[in-house]
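# Structural features, examined
Okay, here's what each chain looks like letter by letter:
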Amino acid sequence: MDLSQWKRVVIKVGSALIAPHRKGCSSHYLLSIAQFIVRLRANGVQVVLVSSGSVAAGSHLFPETENVNIALKKAMAAAGQTEMMATWDRLFDFPTAQILLTHGDLRDRERYVSIRDTIFSLLDNGVLPIINENDTVTTDDLKVGDNDNLSAMVAASADADALIICSDVDGLYDKNPNTHDDAVLLPEVTTIDSRIFAMGGGATSAVGTGGMKTKIEAAEKATSHGIDTFIVNGFTATTFNTLLEGKNPGTHFRPYAKPMQEHVHWMTHTASEQGELVVDNDFDTTFVDGQQLTSDEIVEVNGSFAVGDTILLRKDDGTRIAKARSNYSSCLLSFIADQEDREFAGEFQNKTGPIISKKNIAVLEKQ
Ligand SMILES: Nc1ncnc2c1ncn2[C@@H]1O[C@H](COP(=O)(O)OP(=O)(O)O)[C@@H](O)[C@H]1O
Ligand SMILES: N[C@@H](CCC(=O)OP(=O)(O)O)C(=O)O
């Protein structure tokens, strides 16, 4: 871990640190995080903050504690968000900016690029971006659902060197330390595999979302982009002094030695498929030597997608092969795949170009 190499860092702060008693925001734990941000910036490191806590911060404004439905949670988020932003803003003597996002924004390539450009413009002008999910407008289909995964998507979009997830525990343990006295902390994780995923349970606090499961998912997203990822305890000020000394105070997930290319990473970890192409079971999945998918190999076109949308390629037996950018709409693909005259279909495709281009294919490793 070499802090002097960090140019850009994303720090994610969990709800328990923002509103520990659900009586509005408290700056109690945020002070040491704010000091850490100030020190990093003084050392020339650009910082992006992903802050949870709008629901936890706003809940005290609503007397209803039983039957908290989705509409009420959204109202808490709307009210808590301003309180949370005001609390952060008071802690800094430089400007802050609020960015509220949904998965619908991040999975759209144009909007994703626009978000990235905005983050860079803010950073280049000394403004601290503070990001949260736009809870009031999300639907099941549109939301990321937890800020751990959101912070990893943000870290990838901002091309960060490190992602620091500040939580209410010291890091990843081999089992939940809140329910197992014999749980052991893992200081370092080099490979995120099913064994690591099996360790991560859900949240046990009243305010957290996702627990360790979503933090491990976030670490997988970030490390595959080449980003050093840490889960640390945000309750203790020593955490941040240790980080500034270049030491790891929690769990360090090592980045991939060979990170994915940027657009392949986005397709794999951020974009969600708008439809799917089902291909023959004997389809060669290596995509080598300029080999191209032809309409002859398409068994079925599912869903409705436009040119440029991300689609899933899967075999007839259900095996997920790859995510790719479609150069054809679902209508056009159905049309050529349904042609009985295969020569016409072949010629049509030769003239129109490849259905998917090699540079826009993200092969899914876990098949
Ligand atoms: N293997 C594990 N190691 C550490 N914490 C775990 C583990 N499994 C589940 N957890 C739970 O994850 C919680 C942290 O996640 P969460 O409550 O979502 O916090 P945050 O608000 O910081 O995102 C811990 O308090 C703990 O209860
Ligand atoms: N967007 C939500 C936070 C969701 C979330 O992931 O919370 P946490 O597990 O505390 O990071 C909010 O602001 O309340």
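Each value, and the rule that gives it
Residues numbered from 1 in each chain as written. Chains lettered and ligands numbered in written order. Predicted model: local features only at pLDDT ≥ 70, side-chain atom pairs only at ≥ 80, totals over all residues. Heavy atoms only, no water. Helix = DSSP H or I, 4+ residues; strand = E, 2+ residues; numbered from the N terminus. Polar contact = N/O pair within 3.5 Å; in protein donor to acceptor, adjacent residues only side chain to side chain. Contact = heavy atoms within 4.5 Å. Near = heavy atom within 4 Å. Areas by Shrake-Rupley, 256 points an atom, 1.4 Å probe, with all protein chains shown as cover. Nonpolar A, V, L, I, M, F, W, Y, C, P; charged D, E, K, R; others polar. UniProt positions renumbered as here; feature names shortened; annotations may be inferred. Axes fitted to C-alpha atoms, helices over the stretch in contact; angles between N-to-C directions. pLDDT = per-residue confidence, 0-100. Pairing = 2+ DSSP bridges. Core = buried A, V, L, I, M, F, W, Y, C linked by side-chain atoms within 4.5 Å. Buried < 20%, exposed > 50% of the residue type's maximum accessible area, 1.4 Å probe, protein only. Domains from an automatic or database assignment. Salt bridge = Lys/Arg side-chain N within 4 Å of Asp/Glu carboxyl O.

### Considering the side chain of Thr-87
Structurally, the position occupied by Thr-87 is in helix H4 (residues 70-90). Within the local environment of Thr-87, its side chain forms a polar contact with the backbone oxygen of Glu-83, the two atoms lying 2.7 Å apart. Each residue touching Thr-87, except ones within four places of it in the same chain, is listed here: Cys-25, Ser-27 and Leu-30.

### Let's talk about the site of ligand 2
Taken together, 13 residues lie around ligand 2, and Lys-12, Ser-15, Ser-52, Asp-135 and Thr-209 are the ones closest in. Between an oxygen atom of ligand 2 and a side-chain N or O atom of Lys-12, the distance comes to 2.5 Å. A distance of 3.2 Å is found between an oxygen atom of ligand 2 and a backbone nitrogen or oxygen belonging to Gly-53. When ligand 2 is considered free in solution it has 380 Å² of accessible area, and contact with the protein chains removes 93% of it. Broken down by class, the residue content of the shell around ligand 2 amounts to one nonpolar, nine polar and three charged.

### Thoughts on the UniProt feature "domain: Aspartate/glutamate/uridylate kinase" (unreviewed entry) in the protein chain
Those residues carrying the UniProt feature "domain: Aspartate/glutamate/uridylate kinase" (unreviewed entry) are residues 7-233 in this numbering. Between the C-alpha atoms that bound residues 7-233 the distance is 23 Å, and the span itself is 41% helix and 17% strand.

### Section: the packing of helix H12 (residues 330-337) against helix H13 (residues 342-352)
Two quantities define a packed helix pair, namely the angle between the helix axes and the distance between the axes. Here H12 crosses H13 at 145°, and the two axes come no closer than 9 Å. Contacts from Leu-332, Phe-335, Ile-336 and Ala-337 of H12 reach H13 at Arg-342, Phe-344, Ala-345 and Phe-348. Tallied by class, the residues present in the contact of H12 with H13 amount to seven nonpolar, no polar and one charged.

### Things to note about the confidence of the model for the protein chain
On average, residues of the protein chain carry a pLDDT of 93, and 98% of them reach 70 or more. Prediction confidence for the complex, expressed as pTM and ipTM, is 0.92 and 0.98 respectively.

### What about the site of ligand 1?
Not every one of the 26 residues close to ligand 1 is listed here, only the nearest: Ser-167, Asp-168, Asn-178, Thr-204 and Lys-215. Between an oxygen atom of ligand 1 and a side-chain N or O atom of Ser-167, the distance comes to 2.8 Å. In this structure, Asp-168 approaches ligand 1 through a side-chain N or O atom, which is 2.8 Å from an oxygen atom. Taken by itself ligand 1 offers 570 Å² of open surface, and the protein chains cover 99% of this.

### Remarks on the sheet that holds strand S5 (residues 162-167)
Pairing is mixed across the open sheet formed by eight strands, whose spatial order is S3-S4-S2-S1-S5-S7-S8-S6. At either end of the open sheet lies a strand with only one pairing partner, and these are strand S3 (96-101) and strand S6 (188-189). Sheet topology note: the strand S2 (residues 46-51)/strand S4 (residues 128-133) ladder contains two bridges and is parallel. Across the sheet, residue Leu-49 finds its bridge partner in S4, namely Ile-130.

### Let's talk about the sheet that holds strand S13 (residues 361-363)
Read across the sheet, five strands follow the order S10-S9-S11-S12-S13 without closing on themselves; strand pairing throughout is mixed. Across the chains shown, the open sheet's two edge strands, defined by having one partner strand only, are strand S10 (298-303) and S13. Within this sheet the neighbouring strands show an average axis-to-axis angle of 20°, counted without direction. When strand S12 (residues 320-325) meets S13, the two strands line up antiparallel, connected through three bridges. Within the sheet, the bridge partner assigned to Ala-324 lies in S13 and is Ile-361. Sheet contacts for helix H11 (residues 262-269): strand S11 (310-315), S12 and S13; angle to S13, the most-contacted strand, approximately 65°.

### What to know about the nonpolar core
With 45 residues, the main nonpolar core has Ile-119, Ile-131, Val-154 and Leu-172 as its most contacted residues. Those elements that place two or more of their residues in this core are S2, S3, helix H6 (109-124), helix H7 (147-157), S5, helix H8 (194-199), helix H9 (211-223) and H11. The contact partners of Ile-119, leaving out residues within four places of it in the chain, are Val-48, Ile-99, Pro-129, Ile-131, Val-154, Ser-157 and Ala-158.

### Considerations on the domain arrangement of the protein chain
Entries for the protein chain in the domain assignment read domain 1 (3-265) and domain 2 (273-363). Distance between the C-alpha centres of domain 1 and domain 2: 37 Å.

### Quick notes on the pattern of salt bridges
According to the stated counting rule, one finds 16 salt bridges in the structure shown. Here Lys-175 and Asp-174 are joined by a salt bridge, their closest N and O atoms 4.0 Å apart. When its relative accessible area of 27% is taken as the criterion, Lys-175 is described as partly exposed. A salt bridge links Lys-247 to Glu-245; the nearest nitrogen and oxygen atoms lie 3.2 Å apart. We classify Lys-247 as partly exposed; its relative accessible area is 47%. What makes Glu-245 exposed here is its relative accessible area of 53%. Within this structure, Lys-12, Asp-148 and Lys-215 form a network of salt bridges that share partners.

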